[in-house]
Amino acid sequence: MSFAPPSARRLFPDLILLIVAIMWGGSYLATQDLAVASSAAAVMCARFVPAAVILLCVNLARPKVRLRDSTLPGILLGTLRAATIALETIGVTLTSATNAGLIIALSILLTPILESTLTKRRLSPSLIASILLALIGITLLVGGQGFSGFNLGDGLMLIAAATRALLGVAEARFTVGRNTDVLGLTTVEIMFGAVIFAAWGGNSLLEHLPGFSVANWLTIAYLCLGCTIFAFLGQLWATKHTSASRAGMLLGTEPGWALLVGVLLAGDKIGTLGYMGAAVLLVATWWGARAEQRWRGSNPSPQRALRPMVRETADE
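Rules behind the numbers
Residues numbered from 1 in each chain as written. Predicted model: local features only at pLDDT ≥ 70, side-chain atom pairs only at ≥ 80, totals over all residues. Heavy atoms only, no water. Helix = DSSP H or I, 4+ residues; strand = E, 2+ residues; numbered from the N terminus. Expected span 1.5 Å × (residues − 1). Buried < 20%, exposed > 50% of the residue type's maximum accessible area, 1.4 Å probe, protein only. Polar contact = N/O pair within 3.5 Å; in protein donor to acceptor, adjacent residues only side chain to side chain. Phe/Tyr/Trp six-rings, centres within 6.5 Å; stacked < 30°, edge-to-face > 60°. Core = buried A, V, L, I, M, F, W, Y, C linked by side-chain atoms within 4.5 Å. Contact = heavy atoms within 4.5 Å.

K.L.:
Sorry if this is basic, but what is going on with helix H7 (residues 152–175) here?
P.N.:
Three- or four-residue spacings in an α-helix give side chains the same orientation, since the helix completes a turn every 3.6 residues. The end-to-end C-alpha distance of H7 is 34 Å, a good match for the 34 Å that 24 residues give at a rise of 1.5 Å each. Taking burial as the measure, the 24 residues of H7 include 18 buried ones, the bulk of the element. By the N-cap criterion, in which a side-chain oxygen at the helix start approaches the backbone nitrogen of a residue two or three places on, H7 is capped by Asn-151, the distance to Gly-153 being 3.0 Å.

See below:
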């Protein structure tokens, strides 16, 4: 990016994160469709194993392979990533794609809480208020068909929001202020997940492969190449060049895309109360993004605050 003007270089990480959010917004419906043709375990295997093989081949083709340096952080991030993907994949099969995409938006607001804990920086009143507003939106959303409609899938998506927020902060800790090999780190992370999901869903995937349609194979390509390889590389690279909180806020457009895809393509119906909750959650996300920018601008940057912890990790 050295050929681009400074303003463009500053915006490039934001653009990458926005594209990632769009792709992830469509992943819930894609996962649902593929799970219907196979199983949740098979979907995770089909998504991670080919991605791991591709990235491993890319690394082996490099003049100098540095996977050893990425092993420990890659396993730690891979554990969080695998947990998040498992929760999301199972959760989306038990609730609607719209609910899943909107509930996961809580990760955007949980990220500053975790980051403030690590950096010992108090959250601003506006940021706290936006988080509380988001909780109200979640309550209205899952009660769109009556408050008894809250189910296991919604609960799993809430837990996934927490693990995704923790993953975002962990990625910043291992990348900010360091000469991180993003490709190597992502490769180890995905390989770790591939081993877990191959053991879990390999048999199910092999059982259903003969019955896959062309649409199913295109869905696998979308989940593997777009939502896994590109998205994980892009998220990690962009986080390295911004803050965990800003990355989280930019990924906050994901529920809007999930809502659009779920309602227009899947015909999801969330009721008047549900639409009110969706609107409240989107407003909370937008408000939280502005509050986070002011909070970050009035304190030492997360990059500088996280660097001492990064050095501590490197010394361990």
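Here the narrative resumes.
K.L.:
Sorry if this is basic, but what is going on with the packing of aromatic side chains here?
P.N.:
Here a ring pair, both rings aromatic, is described through the centre-centre distance and the interplanar angle of the planes. Scanning the entire structure with this criterion turns up six aromatic pairs. Ring geometry for Phe-48 versus Phe-232: centroids 6.0 Å apart, planes at 55°, classification tilted. A residue pair is termed long-range when its members are at least 10 positions apart, and Phe-48 in helix H2 (residues 40–61) and Phe-232 in helix H9 (residues 214–240) qualify at 184 residues. When sorted by exposure, Phe-48 lands in the same class as Phe-232, which is buried. Residues Phe-212 and Trp-217 carry aromatic rings whose centres are separated by 5.8 Å and whose planes lie at 80° to one another, so their mutual orientation is edge-to-face. Phe-212 sits in the buried class, given a relative accessible area of 9%. For Trp-217, a relative accessible area of 44% gives the class partly exposed. Each member of the aromatic cluster is reached from another via a ring pair, and the members are Trp-24, Phe-48, Phe-197, Trp-200 and Phe-232.

K.L.:
Teacher, can you tell me more about the nonpolar core here?
P.N.:
Taken as a class, soluble globular proteins show a tendency for nonpolar side chains to be buried jointly. Membership of the largest hydrophobic core comes to 37 residues, with the highest contact counts inside it found for Trp-24, Phe-48, Ile-190, Phe-197 and Phe-232. When contributions to this core are tallied by element, the ones reaching two or more residues are helix H1 (6–37), H2, helix H3 (71–94), helix H8 (182–208) and H9. Not counting residues up to four positions away in its chain, the partners in contact with Ile-190 are Phe-48, Ala-51, Ala-52, Leu-55, Thr-228 and Phe-232.

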